[in-house]
Amino acid sequence: MLARDAWLELRGRAVFWFSAAVLLVAVAMAAFPGLFAHLGPNEACDLRMSKRGPASGALFGYDLQGCDYWSQVVHGTRASIVVGVSVTVFAMLISILLGLVGGYYGGVADAVISRLTDVFFGIPFVLGATVVLVAFPDHGIWAMTLVLVLLGWTTMTRLMRGQVIAVKDMDFVAAARMLGASDRRLMVRHILPNSVAPVIVVAMLNVGNVIAGEATLDYLGVGLQYPDVSWGLQLNIAQTFFAEHPHLLVFPALFLTATVLSFLMLGDVVRDALDPRLR
Amino acid sequence: MRYAAQRLAQAIPVFFATTFLIYAMVFALPGDPILALAGDKPVPAQVLAVMRARYHLDDPLLVQYGRYMLGVFQGDLGETFTGQPVSELLQDRWAVTAQLALTAWVFELVVGIGLGVLAGLRRGGAADTAVLAGTTFVIAVPVFVVGYTAQIVLGLNLGLFPTAGTDEGWPGSYLLPGMVLGSFGLAYVARLTRTSLVENLRADYVRTATAKGLSRRRVVGLHALRNSLIPVVTYLGVDFGNLMAGAVVTEGIFNLPGIGQQVFQSIQLQEGPVVVGVVTLLVMIFILANLAVDLLYGVLDPRIRRARA
């Protein structure tokens, strides 16, 4: 019922369709970069063309290595989308599990989970991630994902726990319990569907934040490394030359911002649809 | 009072667990720091043993950590592997980062709450739409892109601010970096204030106050706003720690010699003692700020105070 109402509400919002369209393009670029770029990553680069601006035949100009910048920027999409989505999915699964267990059982389990959450919540993001990533220098996309999950599951866990505590004392849960439902059935069939909506909204907003965070680590030089291609890496190189060659900064920044912005706007409209009181 | 003691009792184990985690991660960095110090030259086994003993590198990790924390509470953050005390190295840098974070924080507080109130009072109006769109945009643009754009446009092209360094001192050199650092939090504060104010303006107690004939200014300022600011205060408290830690990017762009830059260099040079020292202090600030917010709640909201008593 809630999902149906939410969909009817969403259908009428221009922002929803706009951000969904942008994300569809971004996901397509991540999955099938060949459809958009005529060159592979780091392919057919010509050092003589290094840092040249946009011209006919090269819409976005050339990067430092003289590679076609449009192709490079398109290939950069995959790192951001894969990291953003997989970090959020893993973090959400962890937080649903821990939130359910801690919120439902309370007592020692809850105390342990809550303190563990506090510990990880207290680690500053950029510094914490930098320390881990420098300790393991040979890292690709999956190591980045692991680090970002490790530092990013706490907020959603707190939210989920609070939701479970609010829901577990409601009458319908008590009714199900009196009918003889087991703890597991209560958690999965009754409490979970009624407490997960705000977590999903935060997760959508979180995808944007994770993408920005991953780009920040690349930009600082501790994230992905050449020959990987990502927007953060392109911005890292751009920082030295952007005063004379602004196109190096503008194009990856534009793609990055459009993607992050779309996830944020999507999260916003979904929240409005699920909870119209807030609008 | 009992509540304060209880919160403190929770915060202490969290502090030790977090700092131990950082300590373990940093000293799990691969590579022997003593060998790194010598560069390409071979190190005689005897020298190596003496050096390792001097820095207690062969003790169990927990013992090393315990010895280190004892030192921290006496104001001793240890030495770098070249023999310089870490606290001396950081002395001047703390001031830079603190000034930067404080500038950003005040900016967030004043402009953020101002924009939020402006938008919340006229929900659906032009100002509201502009604030919502603007803040979403600011949240979406990564801070280093904001930084470079601001540096080029406001600093280089328009010449309104110095572009780098701390030559002009506070506030001149810190205004632009502070605004860049605070931009994300500002957008967040504005949205939080707006949502919270909108909700409260619809509450029964506001209708009652209006019905009793109170002026709009009094209803909003004294009743609705005070209640609306509770979540905002929470965020602002937590965010101060984030600003100190997040300064690494802003300091890099504007070339401010703060702790962020120092710790970043140290991580790459495997200067473990500096990294642990800085992060330990940051975690301490972060936990203290959280604690202060929790205690401040009671002052702001008598309902919370009574419920806890």
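Throughout, residues of each chain are indexed from 1 in the direction in which the sequence is written. Labels are handed out in written order, letters beginning with A for the chains and numbers beginning with 1 for the ligands. In keeping with the model being predicted, local features are shown solely for residues with a pLDDT of at least 70 and side-chain atom pairs are shown and tallied solely at 80 or more, while totals for entire chains, interfaces and linings include all residues. Side-chain metrics in this entry use all non-hydrogen atoms of the structure; hydrogen atoms and water are not considered.

In the annotation of an unreviewed UniProt entry, chain B is listed under the name ABC transporter permease subunit and assigned to Microbispora catharanthi.

Enquirer: So what exactly am I meant to see when it comes to the overall build of chain B here?
Expert: Along chain B, the regular secondary structure elements total 13 helices and 0 strands. Every one of the 309 residues in chain B was classed for burial, and the buried ones make up 46%. Any two residues having at least one pair of non-hydrogen atoms within 4.5 Å are treated as being in contact. When contacts within chain B are restricted to residue pairs at least 6 apart in sequence, long-range pairs at least 24 apart make up 76% of them. Entry remark: accessible area of chain B is about 15,100 Å², with carbon and sulfur atoms responsible for 64%. Separation between the mean location of the 22 positive side-chain charges and that of the 19 negative ones in chain B comes to 20 Å. Secondary structure follows DSSP: runs of H or I at least 4 residues long count as helices, runs of E at least 2 residues long count as strands, and numbering of each begins at the N terminus. Throughout this description, buried means an accessible area under 20% of the type-specific maximum (1.4 Å probe, protein chains only), exposed means over 50%, and partly exposed covers the range between. Under the convention used here, a 1.4 Å probe and the Shrake-Rupley method define accessible areas, while residue burial counts only the protein chains that appear. By the counting rule applied here, Lys and Arg register as positive and Asp and Glu as negative, while His and the ends of each chain are not counted. Positions of charges follow a simple convention, taking NZ of Lys, CZ of Arg, CG of Asp or CD of Glu.

Enquirer: Help me out: how do you make sense of the UniProt feature "transmembrane region" (unreviewed entry) in chain B in this one?
Expert: Residues and elements named next belong to chain B. UniProt positions are given in the numbering used here, feature names are shortened, and annotations may be inferred rather than shown by experiment. The feature "transmembrane region" (unreviewed entry), as given by UniProt, occupies residues 12-31, 94-118, 130-154, 174-192, 232-254 and 274-300 in the numbering adopted here. Measuring from the first to the last C-alpha atom of residues 232-254 gives 29 Å, for a span that is 100% helix and 0% strand. The span residues 274-300 shows a helical share of 100% and a strand share of 0%, and its end C-alpha atoms are spaced 38 Å apart.

Enquirer: Could you clarify how one ought to interpret helix 7 (residues 154-168) of chain A in this entry?
Expert: Owing to its 3.6 residues per turn, the α-helix brings residues three or four apart onto one side. Residues and elements named next belong to chain A. A helix is expected to reach a length of 1.5 Å times the quantity of its residues less one. Its 15 residues give helix 7 an end-to-end C-alpha distance of 21 Å, which sits within 8% of 21 Å, the value for a rise of 1.5 Å per residue. Along helix 7, the residues classified as buried are Thr-154, Met-156, Thr-157, Met-160, Val-164 and Val-167. Along helix 7, the residues classed as buried sweep out an arc of 155° about the axis, all on the same side. Looking at the packing, one finds that the buried side of helix 7 touches helix 3 (69-105), helix 4 (107-121), helix 6 (141-152), helix 8 (171-178), helix 9 (183-195) and helix 10 (197-220). This arc is built from the directions going out from the helix axis to the C-beta atoms.

Enquirer: What is the right way to read the packing of helix 8 of chain A against helix 9 of chain A from this model?
Expert: Each pair of packed helices can be summarised by the angle the axes make with each other and by the distance between the axes. All names here are of chain A. Geometry is summarised by axes, namely lines fitted to C-alpha atoms with helices restricted to the contacting stretch, and by angles between N-to-C directions that run from 0 to 180 degrees. Where helix 8 contacts helix 9, the axes come no closer than 11 Å and their chain directions differ by 170°. For the element pair helix 8 / helix 9, the angle class is roughly antiparallel. Counted together, Phe-172, Val-173, Ala-176 and Arg-177 of helix 8 and Leu-186, His-190, Ile-191 and Asn-194 of helix 9 form the full contact between these two elements. Residues are grouped as follows: Ala, Val, Leu, Ile, Met, Phe, Trp, Tyr, Cys and Pro are nonpolar; Asp, Glu, Lys and Arg are charged; all remaining types, including Gly, are polar. Of the residues in the contact of helix 8 with helix 9, the class split is 5 nonpolar, 2 polar and 1 charged. Oblique is the label for any angle not covered by the other classes, which are roughly parallel (under 35 degrees), roughly antiparallel (over 145) and roughly perpendicular (65 to 115).

Enquirer: Any chance you could explain the domain arrangement of chain B here in plain terms?
Expert: When the parts of a complex come together, some accessible area is lost, and that lost area is often taken as the interface size. What the domain assignment lists for chain B is domain 1 (1-86) and domain 2 (91-269). The split of the chain into domains comes from an automatic or database domain assignment. Computed from C-alpha coordinates alone, the two centres of domain 1 of chain B and domain 2 of chain B are separated by 35 Å.

Enquirer: Looking at this structure, I do not really get unusual backbone geometry. What am I missing?
Expert: All names here are of chain B. With a phi close to 50°, Asn-255 is a non-glycine residue in the positive phi region. For Asn-255, the position within the fold is in the loop between helix 10 (216-254) and helix 11 (259-268). In this structure Asn-255 comes out as partly exposed when scored by relative accessible area, which is 46%.

Enquirer: Any chance you could explain the interface of chain B and chain A here in plain terms?
Expert: Counting residues at the interface gives 41 residues for chain B and 38 residues for chain A. The shortest N-O distance in the salt bridge between Asp268(A) and Arg191(B) comes to 2.4 Å. Side-chain atoms alone can form a polar contact between residues adjacent in sequence; in general such a contact is a pair of N or O atoms within 3.5 Å, and within protein one must be able to donate a hydrogen while the other accepts it. At the junction of chain B with chain A, the criterion picks out 4 residue pairs in polar contact (both at pLDDT 80 or more). When residues of the side of chain B that touches chain A are traced back to their parent elements, those giving at least two are helix 1 (2-27), helix 6 (126-140), helix 7 (143-157), helix 8 (172-201), helix 10, helix 11 and helix 12 (272-300) of chain B. Per-element accounting of the side of chain B that touches chain A gives the leading share, 8 residues, to helix 1 of chain B. The residue inventory of the side of chain B that touches chain A, partitioned by class, reads 31 nonpolar, 6 polar and 4 charged. A carboxyl oxygen of Asp or Glu within 4 Å of a side-chain nitrogen of Lys or Arg is what we treat as a salt bridge.

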